[in-house]
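Residues per chain, in single letters:
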Amino acid sequence: RTSEEEIRRDALNAVACAAAMAEQMDRLNREWRDRSLPTGRIRIGISTGSVVVATIGSAQRLKYTTIGNHVNIAARLESYDKLSEGAWMNGRPCRVLLSDSTARYVGEAFSIREVGEVSLKGQDQKTRVYFVQRPACQGEPGSDGEEGGR
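What counts, and at which threshold
- Residues numbered from 1 in each chain as written.
- Predicted model: local features only at pLDDT ≥ 70, side-chain atom pairs only at ≥ 80, totals over all residues.
- Heavy atoms only, no water.
- Pairing = 2+ DSSP bridges.
- Helix = DSSP H or I, 4+ residues; strand = E, 2+ residues; numbered from the N terminus.
- Buried < 20%, exposed > 50% of the residue type's maximum accessible area, 1.4 Å probe, protein only.
- Salt bridge = Lys/Arg side-chain N within 4 Å of Asp/Glu carboxyl O.

A. Spatial organisation of the pairing of strand S2 (residues 52-57). The pairing of S2 with strand S3 (residues 62-67) spans six bridges and is classified as antiparallel. Bridge pairing links Ile56 to Lys63 in S3. What sits between S2 and S3 in their antiparallel hairpin is a turn of four residues.

B. Just the pairing of strand S6 (residues 127-132), in detail. For S6, a buried count of five out of six residues is recorded, marking the element as mostly surrounded by other parts of the structure. In terms of strand pairing, strand S5 (residues 112-118) meets S6 through six bridges, oriented antiparallel. Directly across from Glu114, in S6, lies its bridge partner Tyr130.

C. Local environment of the pattern of salt bridges. Scanning all chains against the criterion turns up seven salt bridges. For Glu78, the salt bridge goes to Arg43, with nearest N and O atoms at 3.0 Å. Taken together, the positions of Glu78 in helix H2 (residues 69-79) and Arg43 in strand S1 (residues 42-46) put the pair 35 residues apart, joining distant regions of the chain. The exposure class assigned to Arg43 is partly exposed, which follows from its relative accessible area of 24%. Two residues, Arg128 and Glu117, come together in a salt bridge whose shortest N-O distance is 3.0 Å. In this pair, Arg128 is assigned in strand S6 and Glu117 in strand S5, connecting sequence segments 11 residues apart. Given the relative accessible area of 28%, Arg128 is considered partly exposed. Relative accessible area serves as the criterion here: at 46%, Glu117 is assigned to the partly exposed category. Through salt bridges that share partners, Glu114, Glu117 and Arg128 make up one connected network.

Here it is as C-alpha cells:
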C-alpha cells in the first residue's frame, strides 16, 4: 500500500480482525466452560509499516513468508510480558498490543491505552506500545470497561 488512506484502512482492518478473533475466543470459551473443558487465551501483536511478502523456495517446497522490521515488532509485541499476562488480560481471553505506528491510525476507532515505551528483543530503540482495551469480550470478567493491567 502506498497512500495514507490505504495504510489506515489496513491498520483498522487488522485491529478489527483482532476484535473478531477475541469475540470468537469468547464464544468458544463459553461453550467449553459449559462442557467443563479448559478455556483458551490468545495474544496478538500488530505493527504497521513496510514489509516484504513473498513465496520462497523451490517447486518441491514453497513457503509464503513476510520479512521486515514491522513483522519482528509485531511478533515481539505478541510475546511481550507474557509471564505476567494475567495482569494484562484481566480475565479477558484476548490481549492485543499495538505499536505506535498502528495506534496513530486506529486510536479514534478503538479504545486504546498507552503502555509506554518498552524495550523489545532485537530492537535498538524503545517502542511505544498501546493496549487495546476493546476487544473486551462481553460476559468475561473485567469486560465492564474498567482498566486492567498496569
